[in-house]
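Below, each chain spelled out in residue letters.
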Amino acid sequence: MTEIPGIPWPWPWPDYEPNPQPVKAWVQYEDGSLGSLIVTGGNLPELSRPGRIITEDEYNRLTAAIAEAHTARLEAMAEEEAARQEREYQDLTAAGVPEPTARSLSGYTGPAATSSTSSA
């Protein structure tokens, strides 16, 4: 083989890897959000914003905690909404608004309001 001027020989260079294996890293950013990076070339890049590289196990644990907190918040919001609808429904029926209209205005879908007057 003949050498080409300006190109080192032997080709490829000793540290050259034609198809570098991708490296995956998990990140927790300063604001608490999570992410992952897949990089080829062996070296992880500098993060674009403040954060830290974490292990996959830590990433999975944090993701599960975030999902659990999110689910709990959604459940709390649904309970608050149901309580608000029932309160508005009770207020509307107490004010003499017909029951179907009170349901429509409040969004309440529970059992019908019970009369607070007793019959003797």
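The next point concerns the packing of helix H1 (residues 56–94) against helix H2 (residues 99–106). For any two helices packed against each other, one specifies the inter-axial angle together with the distance between the axes. Interhelical geometry of H1 versus H2 gives an angle of 145° and a closest axis separation of 9 Å. Between H1 and H2 the crossing geometry is right-handed. Contacts between H1 and H2 involve Arg84, Gln85, Glu88, Tyr89, Leu92 and Thr93 from the former and Glu99, Ala102, Arg103, Leu105 and Ser106 from the latter. In terms of residue class, the contact of H1 with H2 is built from four nonpolar, three polar and four charged.

Here the structure, examined in full by the defined rule, presents one aromatic pair. Relative to Tyr108, the ring of Tyr89 lies with its centre 4.5 Å away and its plane at 25°, an arrangement referred to as stacked. In this pair, Tyr89 is assigned in helix H1 and Tyr108 in the segment after H2, connecting sequence segments 19 residues apart. Per residue, the accessibility class of Tyr89 equals that of Tyr108, and both read buried. One cation-aromatic arrangement involves Arg49 over Tyr29; the distance from NZ or CZ to the ring centre is 3.9 Å.

Moving on to the confidence of the model for the protein. Of the residues in the protein, 78% have a pLDDT of 70 or more, and the chain-wide mean is 85. The spread of mean pLDDT over the elements of the protein runs between strand S2 (residues 34–39), the lowest at 91, and H1, the highest at 97. Note on residues 116–120: pLDDT under 50 across the span, and zero contacts to partners over four residues away in sequence or across chains.

Ordered by their spatial adjacency, three strands build an open sheet running S2-S1-S3, and the pairing between neighbours is antiparallel. What marks the edges here is a single partner per strand, and that holds for S2 and strand S3 (51–54). The sheet shows a mean angle of 35° between the axes of neighbouring strands, taken without regard to direction. Here strand S1 (residues 23–29) runs beside S2; their pairing, made up of six bridges, is antiparallel.

Right, let's get into the side chain of Gln85. One can find Gln85 in helix H1. Sequence-distant contacts of Gln85, that is, excluding residues within four places in its chain, are made with Ser106, Gly107 and Tyr108.

Each value, and the rule that gives it
- Residues numbered from 1 in each chain as written.
- Predicted model: local features only at pLDDT ≥ 70, side-chain atom pairs only at ≥ 80, totals over all residues.
- Heavy atoms only, no water.
- Axes fitted to C-alpha atoms, helices over the stretch in contact; angles between N-to-C directions.
- Helix = DSSP H or I, 4+ residues; strand = E, 2+ residues; numbered from the N terminus.
- Left-handed = near helix turned anticlockwise from the far one by under 90°.
- Contact = heavy atoms within 4.5 Å.
- Nonpolar A, V, L, I, M, F, W, Y, C, P; charged D, E, K, R; others polar.
- Phe/Tyr/Trp six-rings, centres within 6.5 Å; stacked < 30°, edge-to-face > 60°.
- Buried < 20%, exposed > 50% of the residue type's maximum accessible area, 1.4 Å probe, protein only.
- Lys NZ or Arg CZ within 6 Å of the ring centre and 35° of its normal.
- pLDDT = per-residue confidence, 0-100.
- Pairing = 2+ DSSP bridges.

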